[in-house]
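Residue-level structural notes
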Amino acid sequence: MPDRITLTGLRVFGRHGVFEHEKRDGQEFVVDIVAWLDLAPAAATDDLTQTLHYGELAQLAADIVGGEPYDLIESVAGRIADEVLKEDSRLSAVEVTVHKPSAPIPLSFDDVAVTVHRERG
């Protein structure tokens, strides 16, 4: 399905990581979400109920990132993807990228990220 809604650069403070100091001190995570669904009904009717509400999408992701700590950003990305698909049955697929720009890597780097893709089965 070619139609999609994309949310990029959602910044949320969270406490994810395998090290105790990551859970204790926390850090900023950045989330990108792409959701695939048929946008023709929304385009034809100009009706918000015919599409995915991106404000609610952002809040769902922010609640997960800011909530229960996980060791791995793979788990965070997977939880977001699973919850997004569960929330709206019109979605055919979702892709979630969780960036950890302050990951504890003792080398110079710009970003580390994990991307998961889930399709409705």
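Keep in mind that this is a model prediction, so the values were computed, not measured.

1. Some remarks on helix H3 (residues 54-65)
- Given a rise of 1.5 Å per residue, twelve residues ought to cover 16 Å, and the 16 Å separating the end C-alpha atoms of H3 matches this to within 8%.
- Buried within H3 are the following residues: Leu-57, Ala-58, Leu-60, Ala-61, Ala-62, Ile-64 and Val-65.
- In this structure, the buried residues of H3 make contact with strand E1 (4-14), strand E2 (27-36) and helix H4 (73-87).

2. Considering the UniProt feature "domain: Dihydroneopterin aldolase/epimerase" (unreviewed entry) in the protein
- Sites flagged by UniProt as "domain: Dihydroneopterin aldolase/epimerase" (unreviewed entry) map to residues 5-118.
- Regarding residues 5-118, the helix share stands at 34% and the strand share at 29%, and the terminal C-alpha atoms are separated by 15 Å.

3. Details of the nonpolar core
- The biggest cluster of nonpolar side chains holds 31 residues, and the ones touching the most others in it are Val-31, Ile-33, Ile-80, Val-96 and Val-98.
- Contributions of two or more residues to this core are made by E1, E2, H3, H4, strand E3 (93-99) and strand E4 (113-119).
- Non-local contacts of Ile-33, meaning those with residues more than four positions away in its chain, are made with Ile-5, Thr-6, Leu-7, Leu-57, Ala-61, Ile-80, Val-94, Glu-95 and Val-96.

4. Brief notes about the sheet that holds E2
- Spatially, E1-E2-E3-E4 is the arrangement adopted by the four strands of the open sheet, whose pairing is antiparallel. Unpaired on one side and paired on the other, E1 and E4 mark the two borders of the sheet. Taking the axes of each pair of neighbouring strands and ignoring which way they run, one obtains an average angle of 15 degrees across the sheet.
- Two elements, E1 and E2, share nine bridges in a ladder whose sense is antiparallel.

5. Quick look at the pattern of salt bridges
- Counted according to the given criterion, the structure contains eight salt bridges.
- For the salt bridge of Asp-71 with Lys-23, the shortest nitrogen-to-oxygen distance reads 2.5 Å. Placement of Asp-71 in the loop between H3 and H4 and of Lys-23 in helix H1 (residues 20-25) is noted, with a sequence separation of 48 residues between them.
- The class for Asp-71 is partly exposed, based on a relative accessible area of 44%.
- The salt bridge partner of Glu-83 is Arg-79, with a shortest N-O separation of 3.9 Å. Taken together, the residues Glu-83 and Arg-79, both in helix H4 and four residues apart, mark about one turn of the helix.
- Among the residues examined, Glu-83 registers a relative accessible area of 18% and is labelled buried.
- Within the structure, one salt-bridge network assembled from shared partners comprises Arg-79, Glu-83 and Lys-86.

6. Details of unusual backbone geometry
- Positive phi, close to 55 degrees, is recorded for Asp-46, a residue that is not glycine.
- Tracing the chain through its elements places Asp-46 in the loop between helix H2 (40-45) and H3.

7. With respect to a nonpolar patch on the surface
- A cluster of nonpolar residues, Val-18, Phe-19 and Leu-72, forms a patch on the protein surface that exposes about 270 Å² of accessible area.
- Secondary-structure assignment places Val-18 in the loop between E1 and H1.

The rules we used
Residues numbered from 1 in each chain as written. Predicted model: local features only at pLDDT ≥ 70, side-chain atom pairs only at ≥ 80, totals over all residues. Heavy atoms only, no water. Helix = DSSP H or I, 4+ residues; strand = E, 2+ residues; numbered from the N terminus. Expected span 1.5 Å × (residues − 1). Buried < 20%, exposed > 50% of the residue type's maximum accessible area, 1.4 Å probe, protein only. Contact = heavy atoms within 4.5 Å. UniProt positions renumbered as here; feature names shortened; annotations may be inferred. Core = buried A, V, L, I, M, F, W, Y, C linked by side-chain atoms within 4.5 Å. Pairing = 2+ DSSP bridges. Axes fitted to C-alpha atoms, helices over the stretch in contact; angles between N-to-C directions. Salt bridge = Lys/Arg side-chain N within 4 Å of Asp/Glu carboxyl O. Patch = residues over 30% accessible without salt bridge, like charges linked within 9 Å, V, L, I, M, F, W, Y side chains within 5 Å. Areas by Shrake-Rupley, 256 points an atom, 1.4 Å probe, with all protein chains shown as cover.

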